[in-house]
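Topology and contacts: notes
Listed below, chain by chain, are the residues.
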Amino acid sequence: MGQVNGTDFLQLDATTVPRGHRASWLTDAIRKAIADGHLSSGMRLPATRALSQDLGIARGTVTEAFQRLTEEGLIVPNRGGGTVVAASVAVAEPPAREDDEHPHVVDLSTGLPDLTAFPRTAWLRAEREVLSRSTDKELGYADSQGAPELRYQLAKWLGRSRGVSVDPKQIVVTSGVTQALSLLAQVLRDRSSDRGTPTLAVEDPGAEGNRRLLGYWIDRVVPVPVDEHGLVVSELARIDPTAVMTTPAHQFPTGVALSPERRRELVAWAANGGLIIEDDYDAEYRYDRAPIRALHGLAPHSIAYTASLSKTLAPALRLGWLVAPPDLHDAVVTKKWATDLGSPVLPQLALAHLIRTGTLEKHLRTMRTRHRQRRDAAARAVARYLPDCTVEGIAAGLHILIGLPERFDDEDIARRAAERGIKIHPLSLHRATPGSPGLVIGYGAHPPERIDHAIRLLGQIITGSRQDR
Ligand SMILES: Cc1ncc(COP(=O)(O)O)c(C=O)c1O
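Residues numbered from 1 in each chain as written. Predicted model: local features only at pLDDT ≥ 70, side-chain atom pairs only at ≥ 80, totals over all residues. Heavy atoms only, no water.

Attention now moves to the nonpolar core. With 66 residues, the main nonpolar core has Leu 313, Trp 321, Leu 351, Ile 402, Ile 424 and Leu 439 as its most contacted residues. Taken domain by domain, this core gets at least three of its residues from each of domain 2 (106-113 + 365-468) and domain 3 (119-361). Filtering out sequence-adjacent residues up to four positions away, Ile 424 remains in contact with Leu 108, Ser 109, Ala 414, Ala 417, Leu 439, Val 440, Ile 441 and Leu 458. In terms of nonpolar packing, the next biggest core, distinct from the first, is built from 25 residues, Val 172, Ala 185, Leu 275 and Val 332 among them. (Core = buried A, V, L, I, M, F, W, Y, C linked by side-chain atoms within 4.5 Å. Buried < 20%, exposed > 50% of the residue type's maximum accessible area, 1.4 Å probe, protein only. Domains from an automatic or database assignment. Contact = heavy atoms within 4.5 Å.)

Once that is clear, we can look at the site of the ligand. Taken together, Gly 176, Val 177, Thr 178, Ala 207, Asn 210, Phe 252, Asp 279, Tyr 281, Ser 308, Ser 310, Lys 311 and Arg 318 make up the full set of residues adjacent to the ligand. Here Asn 210 contributes a side-chain N or O atom positioned 3.2 Å from a nitrogen atom of the ligand. Side-chain polar atom of Arg 318 to an oxygen atom of the ligand: 2.8 Å apart, as the coordinates give it. Contact with the protein chains hides 83% of the accessible area of the ligand, taken as 400 Å² for the molecule alone. No other element matches helix H7 (residues 176-190), which puts three residues into the shell around the ligand. (Near = heavy atom within 4 Å. Polar contact = N/O pair within 3.5 Å; in protein donor to acceptor, adjacent residues only side chain to side chain. Areas by Shrake-Rupley, 256 points an atom, 1.4 Å probe, with all protein chains shown as cover. Helix = DSSP H or I, 4+ residues; strand = E, 2+ residues; numbered from the N terminus.)

Let us now look at the sheet that holds strand S17 (residues 438-442). The pairing of strands in a sheet happens through backbone hydrogen bonds and is either parallel or antiparallel. A sheet is described by the order of its strands in space; here four strands give the open sequence S13-S14-S17-S16, paired in antiparallel fashion. Each end of this open sheet is capped by a strand with a single partner; those strands are strand S13 (390-392) and strand S16 (425-426). Both S13 and strand S14 (residues 399-403) contribute to a ladder of three bridges, which runs antiparallel. Counterpart to Thr 390 in the pairing with S14 is Gly 403. (Pairing = 2+ DSSP bridges.)

Attention now goes to the packing of helix H6 (residues 148-162) against helix H13 (residues 345-356). Remark: H6 packs on H13, axes separated minimally by 9 Å, with the N-to-C direction vectors making an angle of 40°. In terms of their interaxial angle, H6 and H13 are classed as oblique. Like other packed secondary-structure pairs, H6 and H13 cross with a definite hand, here left-handed. Contacts from Glu 149, Leu 150, Gln 153, Leu 154, Trp 157 and Arg 160 of H6 reach H13 at Gln 348, Leu 349, Leu 351, Ala 352, Ile 355 and Arg 356. (Axes fitted to C-alpha atoms, helices over the stretch in contact; angles between N-to-C directions. Parallel < 35°, antiparallel > 145°, perpendicular 65-115°, else oblique. Left-handed = near helix turned anticlockwise from the far one by under 90°.)

The next thing to look at is the sheet that holds strand S12 (residues 320-323). Spatially, the eight strands line up as an open sheet ordered S5-S12-S11-S10-S9-S6-S7-S8, and their pairing is mixed. Each of the sheet's edge strands pairs with one partner strand only, and the pair in question is strand S5 (171-174) and strand S8 (230-231). The strands touched by H6 are S5, strand S11 (303-308) and S12; relative to S5, the strand with the most contacts, the crossing angle is about 105°. Contacting S5, strand S10 (275-279) and S12, helix H12 (residues 326-340) runs over the sheet at an angle of about 30° to S5.

Quick look at the domain arrangement of the protein chain now. In terms of domains, the protein chain is made up of domain 1 (9-85), domain 2 (106-113 + 365-468) and domain 3 (119-361). A C-alpha centroid distance of 63 Å is found between domain 1 and domain 2.

Attention now moves to the environment of Gln 179. Take Gln 179: it is sitting in helix H7. Between the alpha carbons of Gln 179 and Gly 56 there is a distance of 61 Å; along the sequence they are 123 residues apart. At a separation of 3.1 Å, a polar atom in the side chain of Gln 179 contacts the side chain of Asp 340.

Backbone phi values are negative for most residues with the exception of glycine, while trans is the configuration of most peptide bonds. Residue Asp 204 is joined to Pro 205 through a cis peptide bond whose omega torsion reads 5°. Relative to the helices and strands, Pro 205 is located in the loop between strand S6 (199-204) and helix H9 (208-217). Here Gln 11, not a glycine, exhibits a phi torsion of approximately 55°, which is positive. Its location among the elements puts Gln 11 in the segment before helix H1 (22-35).

So, about the pattern of salt bridges. As enumerated under the stated definition, the model contains 23 salt bridges in all. Close ionic contact of Glu 129 with Arg 133 constitutes a salt bridge, the shortest N to O distance being 3.2 Å. Here Glu 129 and its partner Arg 133 are both found in helix H5 (residues 120-133), four residues apart, which amounts to about one turn of the helix. Accessibility expressed as a relative area gives 32% for Glu 129, which makes it partly exposed. The residue Asp 412 makes a salt bridge to Arg 415 at a minimum N-O spacing of 3.8 Å. Of the two residues, Asp 412 and Arg 415 both sit in helix H15 (residues 410-419), three residues apart, roughly one turn of that helix. Its relative accessible area of 48% is what places Arg 415 among the partly exposed residues. A single network of salt bridges, built from pairs that share partners, joins Asp 288, Arg 372, Arg 375 and Asp 376. (Salt bridge = Lys/Arg side-chain N within 4 Å of Asp/Glu carboxyl O.)

With that settled, consider the pairing of S5. Of the two faces of S5, both are covered, the one formed by Ile 171 and Val 173 as well as the one formed by Val 172 and Thr 174. Summarising the sheet, S5 and S12 pair through four bridges and their orientation is antiparallel. Pairing of Val 172 across the sheet is with Leu 322, part of S12.

The next subject is the side chain of Thr 199. Tracing the chain through its elements places Thr 199 in strand S6. What makes Thr 199 buried here is its relative accessible area of 8%. Polar side-chain contacts of Thr 199 include one of 3.0 Å to the side chain of Arg 220.

So, on to helix H3 (residues 59-71). For H3, spanning 13 residues, the distance from its first C-alpha to its last is 18 Å, which sits close to the expected 18 Å at 1.5 Å a residue. On its buried face, H3 is in contact with H1, strand S1 (44-45), helix H2 (48-55), strand S2 (75-77) and strand S3 (83-85). (Expected span 1.5 Å × (residues − 1).)

Residues Arg 125, Arg 128, Lys 362 and Arg 365 make up a contiguous surface patch of positive charge. Looking at the positive patch, the elements that each hand over two or more residues are H5 and helix H14 (359-385). Structurally, Arg 128 can be placed in helix H5. Residue Arg 128 is classed as exposed on the basis of its relative accessible area, which comes to 55%. (Patch = residues over 30% accessible without salt bridge, like charges linked within 9 Å, V, L, I, M, F, W, Y side chains within 5 Å. Lys, Arg positive; Asp, Glu negative; His and termini not counted. Charge placed at Lys NZ, Arg CZ, Asp CG, Glu CD.)

In structure tokens form, the structure reads like this:
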């Protein structure tokens, strides 16, 4: 064990330090020496008496500094006497950011919005405003169902933008759609003791992540086919599920809107006690067609409605909302309370501010224009570089589905694309049962020229894969 030389301990000079400040000065100096490695773990410090003599300061001052450092856990009494530097806790550096590691990868695999357009200044202004107005009490634990101010603003927003008519008391603020689905799945599972094991029907193809998440909570997750009119509702009679999860405004990943007949059929199915889980994940983006109202208004007593900010602002905010039907509401609120006592309040209040001041609406107008340009670039590039393929789902959202001729293997194409620096999801990833091949292209996060470049490369890969046959 090393011993620090007391006579020139860290080459400190106390003569210029005013009395009354010396304990803090010595504490800071030792703390810094430990942080930058001059004093390493296990090294013995000089005795307080020796150090006080060497530095020409009172022994009580040295004792005081040692005491503070002991309280901070930086030094500890040595079993054989004296004091040593405590064992350091090795904290690994965070891994390099993915962008830095793969600067040339174009990631088209997710339906991200244009994150460069995140309204940073407006968000900062909203947070500053919230912090300057909030009381100390408001920094304590809040209502686990969500900040009342946000629920009030959301109720108005949902009514205006989605035709969802709700009382703020019915809204639960969640960590995105993901948490809304988790809460619902747990509530359905908890009820299984009196109603039998729940069966959850999910769209096929449907978001692979959501299917996996629901499968984590519920054993029986059963695929229901999707066709050009959306979910094939007639299949529900055969499966007889407890609940069905659907993306009616813009089916993920095919992009079709649930037809009016199917909407009616679905609501009729739910009238016999079934639950519809409506995932309204990218509802704010409509380009060439009138907005499709949420299903919720047709049967509020049978529909759990959920959406989030992930496509309108950024997934990193982890803010979403859930409107559960009245018979599930209390159980959902209790589950949310038992999970995390409520979502972080300050971002909720910042969002409420953005809605109240019209900033979110303004931001969305900008985003719609940008995303429409990106969508146009993607559709043009497919027509140009992939003339044998179809494009689906372009009227809305942040992704398109490229339909490949039957002879192609979409997983193989996705693999080859990844080797050339283009990340895409093969449609088969989102399928629970085999079906036609396709590629899901998230265009929202990339400028038109990058989308064009990536789809041109895809065209070369697909031409190559055709030549291989
Ligand atoms: C179908 C679907 N649902 C929901 C979400 C959003 O999930 P969250 O709100 O948890 O970010 C996504 C995001 O990609 C999605 O594709």
